[in-house]
Amino acid sequence: MAVKKLLLLPGDGIGPEAMAEVKKLIAVMNTQGAGFETEEGLVGGCAYDAHGQAISEADMEKALAADAVLFGAVGGPKWDPVPYEVRPEAGLLRLRKDLELFANLRPAICYPALASSSSLRQEVVEGLDILIVRELTGGVYFGEPKQIIDLGNGQKRGIDTQVYDTFEIERISGVAFELARTRNNHVTSMEKRNVMKSGVLWHEVVSATHKAKYSDVKLDHMLADAGGMQLVRWPKQFDVIVTDNLFGDMLSDVAAMLTGSLGMLPSASLGAPDPKTGKRRALYEPVHGSAPDIAGKGIANPLAMIASFAMCLRYSFNMIEEADRLEKAISAVLDEGYRTSDIMSEGMKQASTSEMGDAIVAKYRG
Ligand code: NAD
Ligand code: IPM
Ligand code: MN
């Protein structure tokens, strides 16, 4: 079997703690002939400490050469004083931009065992299975100018620029429509065309893409603020949500809480398929951050990282059986009552990060 090159970038805070549990799974899969070859690199604050950059050129080269990248989390108060250009988060943004990972898939699934862990009523979240498709390489994250200017009168001006071109909206909505066809055939596009020109264009291009190629899929449009409200009011009305970089960031944290914890939400950041080989660049990252408040305590929930690895098996290596098995292992371990602190409730089995990982590995092995 061909070697599968994985670059692991554990990062800061709870990133390495969660990644340690994925390493256990990789080791088991390799004993079963999966053929993963792993390399490790530094990203975020730890890379800044080592090289003065949020990711080194050598690690960027490794990321470009890998079949897939597994990313933990970056950031933390230790690096608050660091210059903006080299802050930990810049490493993640560079990876997304240079690898052209424009499509970020953030599924929010409420596992049956956690239906009572959400801050919302059980009937609102039970059986929830939605997918947020977030545009990841454009919008206000990358638009120019992006600067603080001194106005010379004791005032400064902070500027960020929201920019979207037609092709960016076309390709992200194409991803959303294609995925909807494999699910419940329904896309909701969210923007703010009532105040933003980029929102007007977003609405126009999504509608045109729908009409030209995907008219079999049901399409709705919603203003993004109302979309946030609807997500907590009745999230099961959605199937696939497609939205821009900033709205997608915010709405996916909201969606995370529907599932019980930010520690449950995985994601896949994908590039366009190569026209010759069909292979696409990909990075898999939990939606949560480095969680400085719990880092180093061994209590972080590793399930978002583990479920991100399941997405890697599915999207980068077409290991559908293994991905299904891993996702079923997560569900089964939750059914058995294992809980990290963030999802703990009365009568359940309190598990540390590594105990949760071990339970998943044991269930995966069968
Ligand atoms: P955060 O996601 O790190 O934490 C928010 C809250 O959720 C905290 O209370 C934390 O303890 C909890 N939490 C998050 N993940 C958890 C897990 N796996 N298990 C249990 N509890 C979990 O967000 P924040 O506190 O706003 O940001 C902290 C740092 O992380 C910042 O520097 C931010 O820029 C960075 N960040 C990085 C990423 C990333 O690397 N992909 C994503 C988001 C935030
Ligand atoms: C996320 C994070 C990142 C983002 C940060 C860390 C750059 O919040 O992946 O959700 O804003 O995209
Ligand atoms: Mn975020």
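All values reported here derive from a predicted model rather than from experimental measurement.

How each quantity is defined
Residues numbered from 1 in each chain as written. Chains lettered and ligands numbered in written order. Predicted model: local features only at pLDDT ≥ 70, side-chain atom pairs only at ≥ 80, totals over all residues. Near = placed C-beta within 6 Å. Nonpolar A, V, L, I, M, F, W, Y, C, P; charged D, E, K, R; others polar. Pairing = 2+ DSSP bridges. Helix = DSSP H or I, 4+ residues; strand = E, 2+ residues; numbered from the N terminus. Axes fitted to C-alpha atoms, helices over the stretch in contact; angles between N-to-C directions. Contact = placed C-beta atoms within 7 Å. pLDDT = per-residue confidence, 0-100.

Undergrad: Explain the site of ligand 1 residue by residue, including any values.
TA: Every one of the 21 residues lining ligand 1 counts as a neighbour, but Gly75, Gly263, His288, Gly289 and Asn301 are closest to it. Residues that form the shell around ligand 1 fall into these classes: ten nonpolar, seven polar and four charged.

Undergrad: Describe the sheet that holds strand β1 (residues 4-11), naming the residues involved and giving the relevant values.
TA: Paired through their backbone hydrogen bonds, the strands of a sheet run either parallel or antiparallel. Taken in spatial order, the ten strands make up an open sheet running β2-β1-β3-β12-β11-β4-β5-β10-β8-β9, and their pairing is mixed. The open sheet is flanked by β2 (36-40) and β9 (218-223), the only strands paired with a single partner. Each strand axis lies, on average, 25° off the axis of its neighbour in the sheet, ignoring direction. Direction of pairing for strand β3 (residues 68-73) relative to strand β12 (residues 282-284): parallel, over a ladder of two bridges. Bridged to Leu70 within β12 is Tyr284. Running at roughly 165° to strand β5 (residues 129-135), helix α6 (residues 166-181) makes contact with β4 (103-109), β5, β8 (186-191) and β10 (240-243) of the sheet.

Undergrad: Give a detailed account of the site of ligand 2, specifying residues and quantitative values.
TA: Glu89, Leu92, Leu93, Asp249, Val287 and Gly289 make up every residue found near ligand 2. The leading source of residues in the shell around ligand 2 is helix α4 (residues 88-98), at three residues. Residues of the shell around ligand 2, tallied by class, amount to three nonpolar, one polar and two charged.

Undergrad: If you had to explain unusual backbone geometry to someone new, which residues and values would you point to?
TA: Across residues other than glycine, the phi torsion is negative in most instances, and most of the peptide bonds are trans. The amide bond that connects Glu144 to the next residue, Pro145, takes the cis arrangement and shows omega of 0°. Looking at where Pro145 falls in the secondary structure, it is placed in the loop between β5 and β6 (147-150).

Undergrad: Explain the confidence of the model for the protein residue by residue, including any values.
TA: Per-residue confidence for the protein gives a mean pLDDT of 97, with 100% of residues at or over 70. Among the prediction metrics, the complex's ipTM stands at 0.98, with pTM recorded as 0.97.

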